[in-house]
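Architecture and fold: a report
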Amino acid sequence: MTSFHSIGNQQSTEQRVRQRPVERRPLRSPWRWRRSPALLLMTAALLSAMPAPSQTQITPPPIDRSLANQTVPIAVPYPTLNAVPAAAITDELFGPLTRDLAISGVFSLVPLPPGAGITPEVAKRAGAQQILYLSIAYSAPAPSSSTAPQASPEFVIEARLYDSTGVSGLARSYRGPAAALTRMAHIIVSDLVRQFNGKPGIFLTQIAFVSDRDGHPEIYLMNYDGGNQRRITFHNSISVLPSWSPDDERLVYTSFARKTTDMYIVNRNGGGRIRLNTGLNLNTSATFSPVGHDIAFVGSVAGNPDIYLIRDDGTNLRRLTTTSSIESTPEWSPTGRQISFTSGRSGTPQIYVMDSEGANVRRISFEGEWNDDASWSPDGESLAYTSRVDGRFQIRIMSLVTGQSRIIAGEGSNEQPGFSPDGRFLVFQSNRTGKWQIYRARVDGSDVLPLTFVGENKDPDWSKKMP
Amino acid sequence: MSNVKFGSLIATIALAAILPAACKHKTPPPPKVIPSTLETPAPVVAPPPVETTTSPTAVQAPVDFVREEPKVTAEVLPNDIEDLNRAAQTRGWVQDAFFSYDESTLTSEAQAALGATATWLKSHPDISLLIEGHCDERGTEQYNLALGDRRANIAKEYLATLGVDAGRIKTVSYGVERPFDPGHTEQAWAKNRRDHLVLAGAGR
């Protein structure tokens, strides 16, 4: 942890605690036992699949295959400030940027000696293979018209990445208002990570959830790190169980706004709300198909909840399960070919999987007398679900390949797990503090981080794409 | 209020019976000698004091002079739907049904509660009913929403078998969203595993 302290010596204690999740350390790190073989293989595959650099960009340093299972040590000197207040830069740009790098799985932060004037040579001696220079300035925005009122100045951030030989691997400028500083940090790290492994990472992903902080349970969104929490529904009723569309532009959820439970679809900015009229009761646990326009949900006729499909324009209602038992909580596999769900047909709620046409039903969970909330990993090989163990609900991750499962231990009840779009993290809800809050952890259960603090918060759903 | 009148009538009659007797015995009766084997004289027992009130003499109403119309008392019934529900719950017109853990079958107590409800509903065909299915917190949110739906419908079906028109009954599942008791004890959970019956006013 000393590395972070010396890099971000202006960060708060809380930030240092949050930064603990450095996934990949150099081999000499005592933490290296944490690496999972799957992640190492994935990184190796990603590195080998790196796209050819375009002509306009300087070639990134060649990848040493023997280092493929390691992260890239990167040094980020505190930025040069040109008459810019340091507090805003530290809290809203430098802090989020270094935290993003720390959990990227691609880079590891290198401790730097204190003081300004970090040259590439200094960084190299400190062990860095890459060094990221940030330069920040104010700039008046380009006038849209001569009569328009003068807009407030914008930040211009220049990011330049050099390798230890001084060759530039990335040079970009980012411009935005003060309110966009954190978003700029996430974009910079996305660009850096994409530069190295071809994929942008989860730094611009969002988590939808339910909070009662404003009096009623409503739908909210937040950044993947808990930042920018904002409300998008205003029913003044009970609204629950949001779920992202595959393009992350819309959400489907259930609201009690009409004294009964209805499905609604709303744009990510809160506009364009429509209600889906199914003619059924319940209309809960709605979830978009990753392909096409279908929504799977729980509908009920005469007290018999079953899994149904409906198109997102409210047409073409289909029933997938026909048993007299309770069926609930459908979730599509990443390919859209299968649907997991919860059924009480055995006498207790258990996880089942069927084809997306309703055939080939098979039971997945056998341990525990109450299992629910199944969610697929992005590679389709695992299910995370809520499983009662010794009277408490815990997150269980089951491999659909081997049938083996493991519990992610935690205090209190832990429910409604969901994977990050890169499959490396889980989001879930826990009442370990006495109130329901939303947490993020690695899929191995380490580095649990609370994301919400105000009111009761639940029903997290991670956006699907990596923008 | 008829009780008050009846009471005063009794009092008047009793007074009329006492008054003539009281006039005859203006002096206290001689002390009774109580035969005793003891040497000490028996204590003199004082007579109870007699009330000599000066209340006006009761006037006997003329018989068969005017025949009063039978007394009718009117009471304002709760008209506002919230007042109606409050009255229905406190007076037991409608009664909530409670369930066992992870169960949606009606216990005999639940059947009795719904039986009383059916009786009242059948005599009030103008009022419709909403059955809210609720669950305790010891389950998952999504499955409990489905369980609450089943609980609400089992009560609806039972009321229908008792002769209540099912078209008057709507159901909604709240799952674990609206616990009656926010506690985390078996006592609280037992309260929260219920069908809450809400009168929904006239019409359907």
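Residues numbered from 1 in each chain as written. Chains lettered and ligands numbered in written order. Predicted model: local features only at pLDDT ≥ 70, side-chain atom pairs only at ≥ 80, totals over all residues. Heavy atoms only, no water.

1. Overview of the confidence of the model for chain B
Chain-level statistics for chain B give a pLDDT mean of 79 and a share of 66% at 70 or above. Low pLDDT, under 50, characterises residues 9-27 of chain B; the stretch is placed with 4 contacts to residues that sit more than four places away or in other chains. (pLDDT = per-residue confidence, 0-100. Contact = heavy atoms within 4.5 Å.)

2. Let's talk about the packing of helix H3 (residues 108-122) of chain B against helix H4 (residues 141-161) of chain B
Residues and elements named next belong to chain B. Two elements in contact, H3 and H4, have axes separated by 9 Å at closest approach and are oriented at 55°. With respect to each other, H3 and H4 are oriented oblique. The interaxial crossing formed by H3 with H4 has right-handed handedness. Contacts between H3 and H4 involve Gln-111, Leu-114, Gly-115, Thr-117, Ala-118 and Leu-121 on the former and, on the latter, Ala-155, Tyr-158 and Leu-159. Across the contact of H3 with H4, the residue classes break down as 6 nonpolar, 3 polar and no charged. (Axes fitted to C-alpha atoms, helices over the stretch in contact; angles between N-to-C directions. Helix = DSSP H or I, 4+ residues; strand = E, 2+ residues; numbered from the N terminus. Parallel < 35°, antiparallel > 145°, perpendicular 65-115°, else oblique. Left-handed = near helix turned anticlockwise from the far one by under 90°. Nonpolar A, V, L, I, M, F, W, Y, C, P; charged D, E, K, R; others polar.)

3. Observations concerning the interface of chain A and chain B
Each side of the interface is counted separately: chain A has 37 residues, and chain B has 22 residues. Of all residues in chain A, Phe-256, Ile-326 and Trp-370 of chain A give up the largest surface area on contact with chain B, accounting jointly for 25% of the area buried on that side. Between the two partners, chain A and chain B, sit 17 residue pairs in polar contact (both at pLDDT 80 or more). (Buried area = accessible area lost by both parts, 1.4 Å probe. Polar contact = N/O pair within 3.5 Å; in protein donor to acceptor, adjacent residues only side chain to side chain.)

4. Observations concerning the layout of surface pockets
Quantified by volume, the second largest pocket comes out at close to 900 Å³. Taken together, 36 residues line the second largest pocket, and the ones lying closest to its centre are Trp-436 and Glu-456 of chain A together with Glu-137, Val-176 and Pro-179 of chain B. Among the elements of the structure, strand E7 (206-211), strand E24 (392-399) and strand E30 (457-462) of chain A together with helix H5 (186-192) of chain B are those that each provide at least two residues to the lining of the second largest pocket. (1 Å grid on protein atoms, 1.4 Å probe; cavity = no way out; pocket = protein on both sides within 12 Å on 5 of 7 lines; lining within 4 Å. Points joined across faces, edges and corners; volume = space filled by probe spheres on them.)

5. Focus: the pairing of strand E2 (residues 127-134) of chain B
The two faces of the sheet receive side chains in turn, since in a regular strand these alternate between them. All names here are of chain B. Of all 8 residues in E2, 8 are buried; the element is thus mostly enclosed. Burial along E2 is two-sided: Ile-127, Leu-129, Ile-131 and Gly-133 facing one way and Ser-128, Leu-130, Glu-132 and His-134 facing the other are all buried. Handedness of the E2-H4-strand E3 (residues 169-175) crossover: right-handed. (Buried < 20%, exposed > 50% of the residue type's maximum accessible area, 1.4 Å probe, protein only. Right-handed = clockwise from strand over helix to strand, strands pointing away.)

6. A word on the packing of aromatic side chains
Per the stated rule, a full pass over the model turns up 15 aromatic pairs over all chains. Ring centres of Phe-428 of chain A and Tyr-439 of chain A lie 5.9 Å apart, and the angle between their planes is 15°; this geometry places the pair in the stacked category. Here Phe-428 of chain A is found in strand E27 (residues 425-430), whereas its partner Tyr-439 of chain A is found in strand E28 (residues 437-442), with 11 residues between them in sequence. One exposure class covers both Phe-428 of chain A and Tyr-439 of chain A, and it is buried. Aromatic rings pair up to connect Trp-370 and Phe-393 of chain A together with Tyr-101 and Tyr-143 of chain B into one cluster. (Phe/Tyr/Trp six-rings, centres within 6.5 Å; stacked < 30°, edge-to-face > 60°.)

7. Section: the sheet that holds strand E8 (residues 218-223) of chain A
Backbone hydrogen bonds are what pair the strands of a sheet, in a parallel or an antiparallel way. Taking strand neighbours across the sheet as the criterion, the 4 strands line up as E9-E8-E7-E30 (chain A) in an open arrangement whose pairing is antiparallel. Each edge of the open sheet carries a strand with a single partner, namely strand E9 (230-231) and E30 of chain A. (Pairing = 2+ DSSP bridges.)

8. Some thoughts on empty space enclosed by the protein
Unfilled space is identified by rolling a water-sized probe across the atoms. For the structure on display, the rule yields 3 cavities of 30 Å³ or more. Estimates place the volume of the second largest cavity at around 40 Å³. Surrounding the second largest cavity, Trp-370 of chain A together with Tyr-101, Asp-102, Cys-135, Asp-136, Arg-138, Gly-139, Asn-144, Leu-147, Arg-151 and Arg-193 of chain B form its lining. Partitioning the lining of the second largest cavity into residue classes produces 4 nonpolar, 2 polar and 5 charged.

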